[in-house]
Amino acid sequence: MLYRSGVSALHRTGPLTKLALVLLAATMLPIWPAPVLLAAAGLALAAGALCRIGWAMARRLAMLLVPVGLALFVVHGFMLENGPARPLGPLDYYPQGLARALTYFARIALLLTVSLLMVMTTRVNDLARALDQKGLPPAAAYLLTAPLNLVDGIADEAAAIRDSLQVRGLAARSGLRARVRLLGAMLMPLVRGMISEAGTRAEALEARGFRALPHRSLLDPLTETPAEVRLRMGLLLASGAQLLVLAL
Amino acid sequence: MSLLVRDLTLSHPGQPPILRGAALDLRPGDRLAILGGNGAGKTTLGRALAGLIAPMQGQILWNDRAWYEHRRAERAGMVQFVGQQPWLQLSGRAFTVREEIAFGPENLCLPRSEIARRTDEAMELLGLTHLARRNCRHLSGGETQRLVLAGALAMHPQLLVLDEPMIDLDLQTRETLAGHLNNLPWQMAVVFLDVAAQPWMRGLVRDQLEIRDGGLQPPQPDPAPPEIPVPPVPDHDLDGPAIRLNGLSFGYKDAPPLFRDVTLDIPKGSVTAVLGPNGAGKSSLLRLLSGLERPTAGRIDIAGYDPVRANPKALAAHIGVTFQASDRHFVQARVVDEVALALRYQGIAAAKARFRAGQVLAWMGMADLAKAHPLDLHAGARRMVALAGAVAHGPDVLMLDESQRGLDAAHLARLEALIGFLAARGAAVLIVTHDQDFATRVASHRLMLGDGGMQLAPATGVLPPA
Ligand SMILES: Nc1ncnc2c1ncn2[C@@H]1O[C@H](COP(=O)(O)OP(=O)(O)OP(=O)(O)O)[C@@H](O)[C@H]1O
Ligand SMILES: [Mg+2]
């Protein structure tokens, strides 16, 4: 559901390199001021646009960031007492609170943008394979990628239930009330389905020898150019440096 | 592989035991079919043979040792089980078909060349080679079943337990697979679980046993199915087509087009068998007719509605649909509510809707299951519940995606009576099926799908070559 197929440079970049990029973004958060973080987020969005996922990315970002941003600015700028207040029409607002909200917002925005950039150009199972290839135990790679896999699983499940409800007369396009009813009607079967299926799925994995051995071998190992390896080293070093700054 | 079963007792809590003190021996190369009606306990037995559940009592030995005495990696190469819900057996760890098949051998840390060899071999056996790079979440029902079979075969198991293994496969694939299973490059015993002996079993299966009276016994001929009383048919009109396709074209994103410029009419009161190989677009056609997909060009008219523009509620009053993987589509916690759902969404009061659902269930011989959870029933009953849910509101067009498969003689008789009754009332019935006998018995028309087109012909007529 998150992944967008494509052939761009980012699609071709190895999953671990993109993971290093996310790490770099994460270590930037506590160090840099909001404008820098926002600029970096803008850069990431521009990179997405170059890889032809700009629109899809922007849509998702808007969906996530607009409500979060609004809540942050309202709560910190107007509701929580934060330093001296200033009048704004009939309301009072707190400039320091607004500044704080901006920082939080910028952090969330950067982390989200870079993460989206990664998950939208990386197949989850390529990430798992890359981790396998590094010799991580299959269970560890599984733990790291399971949440992303779950998203796809739930999306498939939800689609089946939505189809079932639509052919019997309840569909989102009938209007707002139907939409609300639809969400309510989907919840229980979705939960029940996930629970009853988890066992079968785990069984199927075990039956095919998953985690029977401490390592896996790969049919098609991922290949990396020396340039990419150097890039990743650079990203990791930069992340390390920022962590060091933070520690001092 | 030797499998030794002694004094095996299997049962579900609160129900009479499936098997009491049963015994069974399997040697390498054996081909055994275990038959039994819906709910006889085939799946439970199959799962026990595959080490997935421990028996209440008795002993099962694989190569003279109990399950827990084998190492995990050993077990995976020893037994493989392919169940009735193939989509639940996908690893979720692979993107393409090829990666999914390689997943098992990769776990066993086999050398790369060996993984590649087995993967290619399994794709070849199941006719998946042309789908190697396809996303394995976007496959048709039969393609998914093939994929799971291929994944199991790639493990080179010594024992393969197949629960209704060919149910979603097209005739061609059934024949090829049956042929291949006879000359695999490694020694393998196979246990087939099915409701009745199937045509493809000829020349493949060497022994047949039936689950009967708590034991495994030689099969007996089916008793004649019961007479099903059919209610009298009210007046109706048969003028005009029930379904009209006008220049219909359709294809999924990133896949070759399925239909190109199809124009045809399906009359009221007809029973149309929708035929064609796996991936021909049978399920996709039903999705288009139900308004779940949009045509890329052309128009559909079904019971007077355009499914793309119509209000889903208005359309739903006139159509009844069962899905191929019907287990995924249950939405209610009780059978009776599941069956009553379409009535409820039409605005009928709960008590009245439940009463009508109860009547439908009673007619289907399932009145005692009304309060059960649909997913707690055996596979045959689950399919009947999906069917009941599709007909309870008296649709003008009934679309069944392989509803007949896996039903025993008694359930099948009810399904056929129901189809006949609805058609006599003037409904158009579309049934997707790979079962030729069934199609011959019930269909008045045949709709052949393949190569971007559709051909409608009377059931008795000769189809022009596709
Ligand atoms: N969501 C999807 N995205 C892309 N391709 C799809 C999708 N769903 C199905 N397909 C492809 O479309 C083709 C037709 O699928 P469909 O499910 O209609 O086949 P079918 O005739 O019902 O086959 P079966 O006998 O296996 O049930 C298949 O090749 C399938 O892989
Ligand atoms: Mg289908």
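Residues numbered from 1 in each chain as written. Chains lettered and ligands numbered in written order. Predicted model: local features only at pLDDT ≥ 70, side-chain atom pairs only at ≥ 80, totals over all residues. Heavy atoms only, no water.

With an unreviewed UniProt entry as reference, chain B is termed Energy-coupling factor transport system ATP-binding protein, source organism Paracoccus lutimaris.

Per an unreviewed UniProt entry, chain A carries the name Energy-coupling factor transport system permease protein and comes from Paracoccus lutimaris. In the Sequence similarities (unreviewed entry) part of its UniProt record, chain A is described as follows: "Belongs to the CbiQ family." Taken from UniProt, the Subcellular location (unreviewed entry) comment for chain A reads in full: "Membrane". (UniProt positions renumbered as here; feature names shortened; annotations may be inferred.)

**Examining the side chain of Glu 293 of chain B**
On the secondary structure map, Glu 293 of chain B appears in the loop between α7 (282–289) and β13 (297–302). Not counting residues within four places of it along the chain, the set of residues in contact with Glu 293 of chain B comprises Phe 250, Tyr 252, Arg 287 and Leu 288 of chain B. (Helix = DSSP H or I, 4+ residues; strand = E, 2+ residues; numbered from the N terminus. Contact = heavy atoms within 4.5 Å.)

**Let's talk about the packing of aromatic side chains**
Aromatic ring pairs are described here by two measures, namely the spacing of the ring centres and the angle between the planes. On inspection of all chains with the given rule, the structure shows eight aromatic pairs over all chains. What links up through ring pairs into an aromatic cluster is the set Tyr 142 and Phe 210 of chain A together with Phe 103 of chain B. (Phe/Tyr/Trp six-rings, centres within 6.5 Å; stacked < 30°, edge-to-face > 60°.)

**Quick word on the domain arrangement of chain B**
All names here are of chain B. According to the domain assignment, chain B consists of domain 1 (3–217) and domain 2 (241–458). Its C-alpha centre places domain 1 at a distance of 30 Å from the equivalent point of domain 2. Contacts between domain 1 and domain 2 engage 21 residues on the former and 21 residues on the latter. Across the domain 1 to domain 2 interface the summed buried area is about 1,600 Å²; carbon plus sulfur atoms make up 49%. Here domain 1 and domain 2 share two salt bridges between them. Residue Asp 168 is joined to Arg 405 by a salt bridge in which the shortest nitrogen-to-oxygen separation is 2.8 Å. At the junction of domain 1 and domain 2, the tally comes to eleven residue pairs in polar contact (both at pLDDT 80 or more). Secondary structure elements with two or more residues in the side of domain 1 that touches domain 2: α5 (141–153) and α6 (171–182). Counting residues per element, the side of domain 1 that touches domain 2 draws most heavily on α5, at four residues. Of the residues in the side of domain 1 that touches domain 2, the class split is five nonpolar, nine polar and seven charged. (Domains from an automatic or database assignment. Buried area = accessible area lost by both parts, 1.4 Å probe. Salt bridge = Lys/Arg side-chain N within 4 Å of Asp/Glu carboxyl O. Polar contact = N/O pair within 3.5 Å; in protein donor to acceptor, adjacent residues only side chain to side chain. Nonpolar A, V, L, I, M, F, W, Y, C, P; charged D, E, K, R; others polar.)

**Concerning a positive patch on the surface**
A surface patch of like charges, here positive, comprises Arg 177 and Arg 181 of chain A together with Lys 313 and Arg 344 of chain B. Considering the arrangement of structural elements, one finds Arg 344 of chain B in helix α9 (residues 335–345). (Patch = residues over 30% accessible without salt bridge, like charges linked within 9 Å, V, L, I, M, F, W, Y side chains within 5 Å. Areas by Shrake-Rupley, 256 points an atom, 1.4 Å probe, with all protein chains shown as cover. Lys, Arg positive; Asp, Glu negative; His and termini not counted. Charge placed at Lys NZ, Arg CZ, Asp CG, Glu CD.)

**Digging into empty space enclosed by the protein**
Applying the stated rule across the entire model yields four cavities of 30 Å³ or more. Roughly 150 Å³ of internal volume is contained in the largest cavity. Taken together, 17 residues form the lining of the largest cavity, with Ser 164 and Arg 168 of chain A together with Val 321, Thr 322 and Ala 386 of chain B sitting closest to its centre. A class-by-class count of the residues in the lining of the largest cavity yields eight nonpolar, seven polar and two charged. (1 Å grid on protein atoms, 1.4 Å probe; cavity = no way out; pocket = protein on both sides within 12 Å on 5 of 7 lines; lining within 4 Å. Points joined across faces, edges and corners; volume = space filled by probe spheres on them.)

**Describing the sheet that holds strand β16 (residues 428–432) of chain B**
All names here are of chain B. The strand order across the open sheet formed by six strands is β14-β15-β16-β12-β17-β18, and the pairing between neighbours is mixed. What marks the edges here is a single partner per strand, and that holds for β14 (319–322) and β18 (453–458). Going across the sheet, the axis of each strand differs from the next one's by a mean of 15°, ignoring polarity. Strand direction decides the pairing type here: strand β12 (residues 271–275) and β16, joined by four bridges, are parallel. Paired with Thr 272 across the two strands is Leu 430, which belongs to β16. Sitting on the sheet, helix α11 (residues 379–391) touches β14 and β15 (397–401), and the angle it makes with β14 is about 165°. (Pairing = 2+ DSSP bridges. Axes fitted to C-alpha atoms, helices over the stretch in contact; angles between N-to-C directions.)

**A look at the site of ligand 1**
Residue and element names in this part refer to chain B. Around ligand 1 sit 19 residues in total, of which Arg 134, Ser 140, Gly 142, Glu 143 and Ser 284 are the nearest. In this structure, Arg 134 approaches ligand 1 through a side-chain N or O atom, which is 2.6 Å from an oxygen atom. Contact distances for ligand 1 include 2.7 Å between an oxygen atom and a backbone N or O atom of Lys 282. Protein contacts shield 88% of the accessible area of ligand 1, which totals 640 Å² for the unbound molecule. Elements represented by at least two residues in the shell around ligand 1 include exactly α5 and α7. Counting only domains with at least three residues in the shell around ligand 1, you end up with domain 1 (3–217) and domain 2 (241–458). (Near = heavy atom within 4 Å.)

**A look at the domain arrangement of chain A**
As far as domains go, chain A holds domain 1 (9–122) and domain 2 (129–207). Between the C-alpha centres of domain 1 of chain A and domain 2 of chain A there is a distance of 28 Å.

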